[in-house]
Amino acid sequence: MKKISFLVVFLFSLNAFTQETEENMAKQTVLDFFKAFHAQDSVKMKKVVSSKVVLQSIGENRAGEITVRTEKFKDLIRYIVSIPDTLQFEEKLLSFDVKVDGSMANVWVPYEFWLNAEFHHCGVNSFQLFKEQSQWRIIYLIDTRRKDECKK
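The rules behind the values
- Per-chain numbering applies: the sequence of each chain, read as written, is numbered from 1 onward.
- Reporting in this predicted model follows two pLDDT cut-offs: at least 70 for local features of residues, and 80 or more for side-chain atom pairs to be given and counted; totals over whole chains, interfaces and linings ignore these cut-offs and use all residues.
- Each side-chain value is worked out from all heavy atoms of the structure, with water and hydrogens disregarded.
- Helix and strand definitions follow DSSP, with helices as H or I runs of at least four residues and strands as E runs of at least two, each counted in order from the N terminus.
- Only protein chains enter the accessibility calculation, which uses a 1.4 Å probe; a residue whose area is less than 20% of its type maximum is buried, one above 50% is exposed, and one in between is partly exposed.
- Contacts are assigned to residue pairs with any non-hydrogen atoms lying within 4.5 Å of each other.
- When two cysteine sulfur atoms are found within 2.5 Å, that pair is recorded as a disulfide.
- Here, nonpolar core refers to any group of buried Ala, Val, Leu, Ile, Met, Phe, Trp, Tyr and Cys residues whose side-chain atoms link them within 4.5 Å.

Asks: Please set out the environment of Val-124 residue by residue, giving values where relevant.
Replies: Residue placement: Val-124 occurs in strand S6 (residues 118-132). On the accessibility criterion, Val-124 (14% relative accessible area) is buried. Counting along the chain gives 67 residues from Val-124 to Ser-57, while the straight-line C-alpha distance between them is 9.9 Å. In this structure, Val-124 is in contact with Trp-108, Val-109, Pro-110, Tyr-111, Ile-142, Asp-143 and Thr-144, ignoring residues within four places of it in sequence.

Asks: Report on unusual backbone geometry, specifying residues and quantitative values.
Replies: One non-glycine residue, Asn-116, lies in the positive phi region at around 45°. Relative to the assigned elements, Asn-116 resides in the loop between strand S5 (104-115) and S6. One non-glycine residue, Ala-117, lies in positive phi territory at about 65°. Of note, Ala-117 is situated in the loop between S5 and S6.

Asks: Tell me about the state of the cysteines, and name the residues and values.
Replies: A covalent bond bridging the sulfur atoms of two cysteines is what the word disulfide describes. Under the criterion given, the structure shown has one disulfide. The disulfide bridge from Cys-122 ends at Cys-150, spanning 1.9 Å between sulfur atoms. An S-S torsion of about -75° defines the bridge between Cys-122 and Cys-150 as left-handed. Placement of Cys-122 in strand S6 and of Cys-150 in the segment after strand S7 (135-144) is noted, with a sequence separation of 28 residues between them. The class of Cys-122 is buried, set by a relative accessible area of 4%.

Asks: Quick one: what's the story with the nonpolar core, residue by residue and with numbers?
Replies: Formed by 29 residues in total, the largest nonpolar core has its most connected members in Phe-33, Met-45, Phe-73, Val-107, Phe-127, Leu-129 and Ile-138. If you list the elements that add at least two residues to this core, you get helix H1 (2-39), strand S1 (49-60), helix H3 (73-81), strand S4 (97-101), S5, S6 and S7. At six residues, the largest contribution of residues to this core is made by H1.

What follows is the structure in structure tokens.
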């Protein structure tokens, strides 16, 4: 009986460790994305995303309506690498909530966006990841953007 109890506890612990490791790996993929983003390194940004990545943003348009805007990843890359050195930008990641189920992960990341050390907007990034072979890749990113109701 003691052997069976030990085996059950051992298998449960192993599963919990594996889950935690996968969560850390998914989180690290998002961290790698932002490290490349801040360095304006398009090559490293491309390494952590799927070739078919989908990007969307939810925010207010000029008419004051909340809309969903879809962007092409190549346009994001072009924009990021074209930011001049005179403009300092930082997306401060506030926390991480990571969920993993097999080869799928979701990483929920509230953030604040700063331009030249001044607050610009806040929101949440929601990343969907797919584990391709042994590497997590971002397949979908949607974010919210707002200037009100932000904790600064």
